[in-house]
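Observations on the model geometry
Read off the chains here:
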Amino acid sequence: MCDQHDTGRSESPASPLRRQVLLGGAATATLMSLSAPDALAKGEAAIDTPPNAMSPDQALKRLLAGNARYVANTPSQKDFSAGRAARTRAQYPFASIVSCADSRVAPELAFDQGPGDLFVVRVAGNFVNNDGLASLEYGAKFLGIPFIMVLGHTNCGAVSAAVKVVKENARLPGHLPELVDAIKPAVRIAQGKKGGNLVADATIENVRLNVHRLMVSRPIIGELVKAGKVGVTGGVYDLATGKINLV
């Protein structure tokens, strides 16, 4: 039967009202699909305890234990085909990683984790912009991820570029100035500390600034941090050794 207005006039499928109702319903369905457990797909019952149901401290310990295996070159044995069917229905990452896009930094390898374990957001300079923040919010709110690490690394090209812009007023092509603008505050803080290596010091300060941004961000991650449901910390990956040092 056709939908009716209060006036009794039928609405055509292409009418503005019908389009508004259909779009509204689609949006509602999308939000429901985000918030509903993926294990309900195909009529399956929701699992009682998801694999990532752990405390922030437990998640950090798991990351550091994996990095210790990586540094020692004793990675855990992995069957990458195992769990593929299950991963089509759900994902339960236990940590989000804000990583530099540098090709020498591979979070799944550095933490010795397998598919589905880490939720990785990557951008040169490992800073948190609004798009990255939204991704991390999705992970914390809808995937139940209890921990976030901002991961910088030694000899970072993006940080080095920001240092050159601040110190030498270097000019960069394309959209690089916009990227470097996000890292400049860390360079200025590092300059004020008068350390021995400005790039290394700025790398650490850049990690700390982005950890702070996440810890106070509203309305999602900051509230989860305050409630003790999500932990946030920073680390720097040493390209030479593979070791991740917390900062």
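Conventions and cut-offs
Residues numbered from 1 in each chain as written. Predicted model: local features only at pLDDT ≥ 70, side-chain atom pairs only at ≥ 80, totals over all residues. Heavy atoms only, no water. Patch = residues over 30% accessible without salt bridge, like charges linked within 9 Å, V, L, I, M, F, W, Y side chains within 5 Å. Areas by Shrake-Rupley, 256 points an atom, 1.4 Å probe, with all protein chains shown as cover. Salt bridge = Lys/Arg side-chain N within 4 Å of Asp/Glu carboxyl O. Helix = DSSP H or I, 4+ residues; strand = E, 2+ residues; numbered from the N terminus. Buried < 20%, exposed > 50% of the residue type's maximum accessible area, 1.4 Å probe, protein only. Phe/Tyr/Trp six-rings, centres within 6.5 Å; stacked < 30°, edge-to-face > 60°. Axes fitted to C-alpha atoms, helices over the stretch in contact; angles between N-to-C directions. Left-handed = near helix turned anticlockwise from the far one by under 90°. Contact = heavy atoms within 4.5 Å. Nonpolar A, V, L, I, M, F, W, Y, C, P; charged D, E, K, R; others polar. Pairing = 2+ DSSP bridges. Parallel < 35°, antiparallel > 145°, perpendicular 65-115°, else oblique. Core = buried A, V, L, I, M, F, W, Y, C linked by side-chain atoms within 4.5 Å.

The next thing to look at is a nonpolar patch on the surface. Nonpolar side chains collect at one region of the surface, where Tyr70, Val71 and Leu109 lie side by side and expose about 260 Å² of accessible area between them. In this fold, Val71 is placed in helix α2 (residues 56-71).

All right, on to the pattern of salt bridges then. Throughout the structure, instances matching the rule amount to eight salt bridges. Of the charged contacts in the structure, one is a salt bridge between Asp112 and Lys78, with a shortest N-O distance of 2.4 Å. In this pair, Asp112 is assigned in the loop between α4 (107-110) and β2 (118-122) and Lys78 in the loop between α2 and α3 (84-87), connecting sequence segments 34 residues apart. On the basis of relative accessibility, which here comes to 29%, the residue Lys78 falls in the partly exposed class. A salt bridge links Asp181 to Lys184, with the shortest nitrogen-to-oxygen separation between them at 3.1 Å. Since its relative accessible area comes to 18%, Lys184 is described here as buried. One salt-bridge network, held together by shared partners, links Arg69, Lys78 and Asp112.

On to the packing of aromatic side chains. In total, this model carries three aromatic pairs according to the counting rule given. For the pair Tyr70 and Tyr237, a centre-to-centre distance of 6.5 Å together with 35° between the ring planes defines the contact as tilted. Placement of Tyr70 in helix α2 and of Tyr237 in strand β4 (residues 231-237) is noted, with a sequence separation of 167 residues between them. Among the residues examined, Tyr70 registers a relative accessible area of 30% and is labelled partly exposed. You can call Tyr237 buried: its relative accessible area is 4%.

Interhelical geometry of helix α6 (residues 157-168) versus helix α8 (residues 184-193) gives an angle of 65° and a closest axis separation of 9 Å. The handedness of the crossing between α6 and α8 comes out as right-handed. Mapping the contact onto sequence places Ala162, Val163, Val165, Val166 and Lys167 in α6 and Lys184, Val187 and Gln191 in α8. Split by residue class, the contact of α6 with α8 holds five nonpolar, one polar and two charged.

The omega torsion of the bond from Arg218 to Pro219 falls at 10°, within 30 degrees of zero and hence cis. Inspection of the secondary structure puts Pro219 in the loop between α9 (198-216) and α10 (221-226). Look at Asn73: it is not a glycine, yet its phi comes out positive at around 60°. Looking at Asn73, the relative accessible area reads 64%, which means it is exposed. At Asp112, a position not held by glycine, the phi torsion is positive, near 50°. Since its relative accessible area comes to 5%, Asp112 is described here as buried.

Attention now goes to the sheet that holds β2. The five strands lie next to each other as β2-β1-β3-β4-β5, forming an open sheet whose pairing is mixed. The open sheet is flanked by β2 and β5 (244-246), the only strands paired with a single partner. In this sheet, neighbouring strand axes are inclined to one another by 30° on average, regardless of whether the strands run parallel or antiparallel. Where helix α5 (residues 130-142) meets the sheet, its contacts fall on β1 (95-99), β2 and β3 (147-153), and the angle it forms with β2 comes to roughly 170°. Across the sheet, α9 is in contact with β3 and β4; its angle to β4 comes to roughly 165°.

Once that is clear, we can look at the environment of Val128. Looking at the element boundaries, Val128 is found in the loop between β2 and α5. Separated by 81 residues in the primary sequence, Val128 and Leu209 have C-alpha atoms spaced 9.4 Å apart. Beyond its immediate chain neighbours, meaning those up to four positions away, Val128 contacts Val98, Leu133, Leu136, Asn210, Arg213 and Leu214.

Two numbers describe how α8 lies on α9: the axes approach to 8 Å, and their chain directions differ by 125°. By the angle between their directions, the pair α8 and α9 is classed as oblique. Handedness of the α8/α9 crossing: right-handed. Contacts between α8 and α9 involve Pro185, Ala186, Val187, Ile189, Ala190, Gln191 and Lys193 on the former and, on the latter, Leu198, Asp201, Ala202, Glu205, Asn206, Arg208 and Leu209. Partitioned by chemical class, the residues of the contact of α8 with α9 number eight nonpolar, two polar and four charged.

Core analysis: the largest hydrophobic core is formed by 17 residues, its most contacted members being Leu136, Ile148, Leu214, Ile221, Val230 and Val232. Of all the secondary structure elements, the ones that give two or more residues to this core are α5, β3, α9, α10 and β4. Beyond its immediate stretch of four places on either side in the chain, Leu214 contacts Val128, Leu133, Leu136, Ile148, Val150, Ile221, Gly222 and Val232.

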